[in-house]
Every structure is written in structure tokens, then in C-alpha cells.
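# Summary of structural features
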Amino acid sequence: MKTDNSKTVQSIRHIPSLIKAFTLAEILITLGIIGVVAAITIPTLVSKYQERAWSTSSQVFERRLEEALKTMNTQQTLAGHRTTADFVNELSKHFKTAKICENNDLLSCFEDKIIWGGGEAEPKEVDMSRIKTASHFG
């Protein structure tokens, strides 16, 4: 029996043309496009996340402060304090505080410079080393 080697050789020559693959240039272009899209969208996602986190934190703070004030009102310890420090000390019994700052030592609770304002007011940088007491703040 006689085999036809010419058909086998022709079919082997066609195998490489059947293999499909991406070139390095195509892969690099695709990665570049993905990088540009990510660079555009990630800052927006991060800022929205930060806004939601701040909003949630402020809502939790307001709710806990309201609960503490209601408790103080129920216990009749909300009014009748001679000084702000007395009120803060009573409030701290019902409301978890990280630190209570003395009126004449604000630098122990704030950074050297803070941004004050926002919303309707134009935010301004405040040099806290120049603020001596809480009455001079804001």
C-alpha cells in the first residue's frame, strides 16, 4: 500500500495558521486601556466611600449624643451645672469620650493647623498655636 506523503506535509504546514494567539502589542494596549479606566474611576469610588463613611460616623455620633442627653434628662442631671467643665464631666458618664480638653490647652486635642468651615462658609486654615482658649475658636 502506498501512502501519500505530500498530503501529510501539506496538512502539517497548515497547523501553525490554525493556532490563534494575542500578540504582545495587543495585550499591552488592553492593559493600558484598563489602567486608564481604573485611574479615572478609582478616585471617584474612594471619595464616595469616604463621604459615606463620614456621613455614617456623624449619624452614629448624633444618635449616641441624643441618647446620652435623654438619659441625663431622665435622671435630671441635664441642667444646673455651674461650668461647662461640670456639664462635660456629667456627659462623659453617659457618652464615651476619647479625651476631654481643657479650655486653655486646645493644642493637646487639635493639630497645629486645622481647616475650619465648609458647607456654606469658605473653609479656612486656622493656626491653632494662636488660639489660646475655646472662646477664640470659630
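The rules behind each value
- Residues numbered from 1 in each chain as written.
- Predicted model: local features only at pLDDT ≥ 70, side-chain atom pairs only at ≥ 80, totals over all residues.
- Heavy atoms only, no water.
- Helix = DSSP H or I, 4+ residues; strand = E, 2+ residues; numbered from the N terminus.
- Buried < 20%, exposed > 50% of the residue type's maximum accessible area, 1.4 Å probe, protein only.
- Contact = heavy atoms within 4.5 Å.
- Areas by Shrake-Rupley, 256 points an atom, 1.4 Å probe, with all protein chains shown as cover.
- Phe/Tyr/Trp six-rings, centres within 6.5 Å; stacked < 30°, edge-to-face > 60°.
- Salt bridge = Lys/Arg side-chain N within 4 Å of Asp/Glu carboxyl O.
- pLDDT = per-residue confidence, 0-100.
- Patch = residues over 30% accessible without salt bridge, like charges linked within 9 Å, V, L, I, M, F, W, Y side chains within 5 Å.
- Axes fitted to C-alpha atoms, helices over the stretch in contact; angles between N-to-C directions.
- Parallel < 35°, antiparallel > 145°, perpendicular 65-115°, else oblique.
- Expected span 1.5 Å × (residues − 1).
- Bend = angle between axes of the 7 residues up to and from the residue.

## Brief notes about the overall build of the chain
- Across its full length, the chain carries three helices and two strands.
- For the chain, the α and β elements follow one another from N to C terminus as α-α-α-β-β.
- Buried positions account for 8% of the 138 residues belonging to the chain.
- A separation of at least 24 residues holds for 22% of the contacts in the chain among residues at least 6 apart in sequence.
- As displayed, the chain has an accessible area near 12,300 Å², and 58% of this comes from carbon and sulfur atoms.

## Let's talk about the packing of aromatic side chains
- By the definition in use, this model includes one aromatic pair.
- Summarising the aromatic geometry, the rings of Phe 61 and Phe 95 are spaced 5.5 Å apart at their centres and angled 75 degrees between planes, so their arrangement reads as edge-to-face. You can see Phe 61 sitting in helix α2 (residues 24-74) and its partner Phe 95 sitting in the loop between α3 (84-91) and β1 (113-118), a full 34 residues away along the chain.

## Comments concerning the pattern of salt bridges
- This model, assessed by the stated rule, comprises two salt bridges.
- Between Glu 66 and Lys 70 there is a salt bridge; the shortest N-O distance is 3.3 Å. You can see Glu 66 and its partner Lys 70 sitting in helix α2, four residues apart, about one turn around the helix.
- Residue Glu 90 is joined to Lys 93 by a salt bridge in which the shortest nitrogen-to-oxygen separation is 3.2 Å.
- Judged by relative accessible area, which is 63%, Lys 93 ranks as exposed.

## Observations regarding the confidence of the model for the chain
- Of the residues in the chain, 78% reach a pLDDT of 70 or more, and the chain-wide mean stands at 80.
- The secondary structure element of the chain with the lowest average pLDDT is helix α1 (residues 5-18), at 57, and the one with the highest is α2, at 92.

## Details of a nonpolar patch on the surface
- Taken together, the side chains of Phe 22, Leu 24, Ile 27, Leu 28, Leu 31 and Ile 34 define a hydrophobic patch exposed on the protein surface, amounting to about 680 Å² of accessible area.
- Judged by its relative accessible area of 68%, Phe 22 is exposed.

## Focus on the packing of α2 against α3
- Viewed as axis vectors pointing N to C, α2 and α3 meet at an angle of 100 degrees, and their least axial separation amounts to 10 Å. Accordingly, the angle class assigned to the pair α2 and α3 is roughly perpendicular. The segment α2 lies against α3, with Leu 65, Ala 68, Leu 69 and Met 72 engaging Phe 87, Glu 90 and Leu 91.

## Looking at α2
- Its 51 residues give α2 an end-to-end C-alpha distance of 73 Å, which sits within 8% of 75 Å, the value for a rise of 1.5 Å per residue.
- Taking the largest bend as the criterion, α2 deviates by roughly 25 degrees, centred on Thr 41, and proline Pro 43 comes between one and four positions later.
- Just downstream of α2, Gln 76 is the residue with a positive phi angle, here 60 degrees.

## Some remarks on unusual backbone geometry
- Even without being a glycine, Gln 76 presents a positive backbone phi close to 60 degrees.
- Classification of Gln 76 by relative accessible area gives exposed; the value is 71%.

## Observations concerning the environment of Ala 85
- Considering the arrangement of structural elements, one finds Ala 85 in helix α3.
- Ala 85 gets classed as partly exposed once you look at its relative accessible area, which sits at 46%.
- The spatial distance from the C-alpha of Ala 85 to the C-alpha of Ile 100 is 9.1 Å, given a sequence separation of 15 residues.

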